[in-house]
Amino acid sequence: MSSEEVQISCKFVTRLPEQYRIAPTPIAVPGKLTRYGLSEVINHLLNLDPPKPFDFLVQGELVRTSLEKLVVRKAISVESALEVEYIPAVAPPSEEATGKHEDWVSAVDGSWGAAVATGCYDGTARLWTPGGAQMIKLSPPDSRDGISPAAVTTVCLLPPAPDSQAGSTGCVVVAGGHDGVVRSWGVEVDAKRGVAKEIANQSSLFVGHEGAVKCVSAAPGGERVASCGHDHTVRVWHRDAGFAFDKTADVTAGRKTKTSRGKRRKGDDGDDAEPPARFLVPGVDELPPPPEHLAPLEKELVFTGHADSVSAVAWESMNVLWSGGFDRALKSWDVQTQKNTQTYDVPKAIMGMACVAGGGRVAWCGGGDKAVHMWDPRVGATTGATASLMSHTGMVVSVRWCPGDEHKLVSCSYDGTVKLWDTRGKLPLHTVKAHEGERAMGCDFHGPRRIVSGGTDGRLRLFKLEDSLTAT
């Protein structure tokens, strides 16, 4: 019997509001129908004008072939009605704004609703409005005239602390650099006016890494931040740790003048405070040994166990941290016990990674396979534990899960594109040529309805996401 003659009895179900529901009575449809034909069926039954595109799920998998091919591949019996769930299709991302930098944009963070953070190779971090207007440009607090600051390689945002007053708009911008130093700035944000200002005496330095910092990541709640780097270590810092830096200090060749109180650990007083650390010039200076008094007890943790550069860190929960590196290993760490609790070996070096909030799946990318990989730690290292998404034509360097939706993620690549995925299918929902002719360096969601990216074209790109029922 030809595919044109095959009829499949389907029961269409949905979780959409009542006006988008149809009677669950089985309906016979041609087996040759793909999602486009099925969408026409739903639009006809709902009498939608104008028609709306839908996507369809069968046993948790997006329909990307004809129904007949899908039931044959999955060996689904059609003796009883096939349950088909319909959901709104995701509309193509539409560009909202562009933010311009003077150098490569190395990283972006959209985790806080009031602003988007970027890190730049000119040594600065910046905050932007969702409309693409620059709120503030943050220079290294320890920079010196005539010395070019080290490139910022990674950035993250810490939202207002849990014990902050209701309605507080003070955040902390954290950036890691090529010089091995993690820096932070306290910033007051006026989201309504689209402006921000640096909070006095809220700049800090976190010194300890003995190589370039590759990634920083804020823990849920913003009390801690993790960092990793070329020194093979993962470090966890408390947001109140590090050195407070006094910008009015007179620093000469790394020594405190007689009249300067210089840089001191938060809470220190008196002239016996430690002198400020000399700014490190990549390729010229060597990193100093980590000071023993870097932070009070339990405000800095150091995890060792990787055999090569650690390039990515991501939090699963407040007490579980994942890391990945050039040693081709994914590792989870219990922050309370400071122990490595799980290790998973992967085929390629890891460049970027992300965790589903609360656990369940880890996504990573890197190496030369141009793919995004996913793994469920609950399954372990069993056969079939890893799934891969293939579509990029260059090395994938960044991946992020969508907040509130464990099925959607975004990735970017040296091919200059940003791709939006639904992990229930193998093909991207949409591909955006965000940095055409250049390399995309970082990507993220800014809430569930916006994606952001940065690249070697010096641009922050912001794209609006809508589904077929809300798109205008």
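Residues numbered from 1 in each chain as written. Predicted model: local features only at pLDDT ≥ 70, side-chain atom pairs only at ≥ 80, totals over all residues. Heavy atoms only, no water.

## Overview of the overall build of the protein
And then number 1: Helix and strand counts for the protein stand at two helices and 37 strands.
And then number 2: Within the protein, buried positions represent 53% of all 472 residues.
And then number 3: Counting every atom, the protein has about 21300 Å² of accessible surface; 49% of that belongs to carbon and sulfur. (Helix = DSSP H or I, 4+ residues; strand = E, 2+ residues; numbered from the N terminus. Buried < 20%, exposed > 50% of the residue type's maximum accessible area, 1.4 Å probe, protein only. Areas by Shrake-Rupley, 256 points an atom, 1.4 Å probe, with all protein chains shown as cover.)

## Remarks on the sheet that holds strand S8 (residues 116-120)
And then number 1: The four strands lie next to each other as S7-S8-S9-S10, forming an open sheet whose pairing is antiparallel. Looking at the sheet topology across the chains shown, the edges are occupied by strand S7 (105-109) and strand S10 (134-138). Taken pair by pair, the neighbouring strands of this sheet meet at an average axis angle of 20 degrees, ignoring direction.
And then number 2: Sheet analysis places S8 next to strand S9 (residues 125-128), joined by four bridges and oriented antiparallel. Note that in S9 the partner of Ala-117 across the bridge is Leu-127. (Pairing = 2+ DSSP bridges. Axes fitted to C-alpha atoms, helices over the stretch in contact; angles between N-to-C directions.)

## Side note on the confidence of the model for the protein
And then number 1: Counting all residues, the mean pLDDT for the protein is 86, and 84% of those residues have values of 70 or more.
And then number 2: Low pLDDT, under 50, characterises residues 248-285; the stretch is placed with 69 contacts to residues that sit more than four places away or in other chains.
And then number 3: Segment residues 288-298 is flagged for pLDDT under 50; beyond a separation of four residues in sequence, or across chains, it makes 19 contacts in the model. (pLDDT = per-residue confidence, 0-100. Contact = heavy atoms within 4.5 Å.)

## So, unusual backbone geometry
And then number 1: The amide bond that connects Asp-49 to the next residue, Pro-50, takes the cis arrangement and shows omega of 0 degrees.
And then number 2: Note that Pro-50 resides in the loop between helix H1 (35-46) and strand S3 (54-58).
And then number 3: Positive phi, normally seen in glycine, also occurs at Asn-47, with a value near 55 degrees.
And then number 4: Mapped onto the elements of the fold, Asn-47 is located in the loop between H1 and S3.
And then number 5: Even without being a glycine, Ala-75 presents a positive backbone phi close to 55 degrees.
And then number 6: Counting through the fold element by element, Ala-75 comes out in the loop between helix H2 (67-73) and strand S5 (82-88).
And then number 7: Since its relative accessible area comes to 70%, Ala-75 is described here as exposed.

## A closer look at the layout of surface pockets
Rolled over the atoms, a probe sized like a water molecule indicates the empty space that remains.
And then number 1: Size it by volume and the second largest pocket reaches roughly 710 Å³.
And then number 2: Around the second largest pocket, the lining comprises 32 residues; the ones closest to its centre are Ile-87, Pro-88, Asp-405, Lys-408 and Arg-424.
And then number 3: Of all the elements in the fold, those that place two or more residues in the lining of the second largest pocket are S3, S5, strand S32 (405-413) and strand S33 (418-422).
And then number 4: When its residues are assigned to classes, the lining of the second largest pocket shows 16 nonpolar, five polar and eleven charged. (1 Å grid on protein atoms, 1.4 Å probe; cavity = no way out; pocket = protein on both sides within 12 Å on 5 of 7 lines; lining within 4 Å. Points joined across faces, edges and corners; volume = space filled by probe spheres on them. Nonpolar A, V, L, I, M, F, W, Y, C, P; charged D, E, K, R; others polar.)

## Structural notes on H1
And then number 1: Over its twelve residues, H1 runs 16 Å from end to end, which matches the ideal 16 Å to within 8%, given 1.5 Å per residue.
And then number 2: For H1, the full list of buried residues reads Gly-37, Leu-38, Ser-39, Val-41, Ile-42, Asn-43 and Leu-46.
And then number 3: Looking at the buried positions of H1, the neighbouring elements they touch are strand S1 (7-13), strand S2 (27-30), S3, H2 and S5.
And then number 4: Count one or two residues on from H1 and you reach Asn-47, which has phi positive near 55 degrees. (Expected span 1.5 Å × (residues − 1).)

## Some details on the pairing of strand S22 (residues 300-304)
And then number 1: Side chains of S22 alternate between two faces, with Leu-301 and Phe-303 buried and Glu-300, Val-302 and Thr-304 left unburied.
And then number 2: Both strand S17 (residues 233-238) and S22 contribute to a ladder of five bridges, which runs antiparallel. If you follow Thr-233 over to S22, its bridge partner there is Thr-304.

## Considerations on the sheet that holds strand S36 (residues 450-455)
And then number 1: Spatial ordering of the open sheet is given by S6-S37-S36-S35, a layout of four strands whose pairing is antiparallel. Of all the strands in the sheet, just strand S6 (94-100) and strand S35 (440-445) have a single pairing partner and so form its edges. The mean inter-strand angle of the sheet, taken between neighbouring strand axes irrespective of direction, is 20 degrees.
And then number 2: Relative to strand S37 (residues 459-464), S36 is paired through five bridges, and the arrangement is antiparallel. Following the sheet pairing, Ser-453 is matched in S37 by Arg-461.

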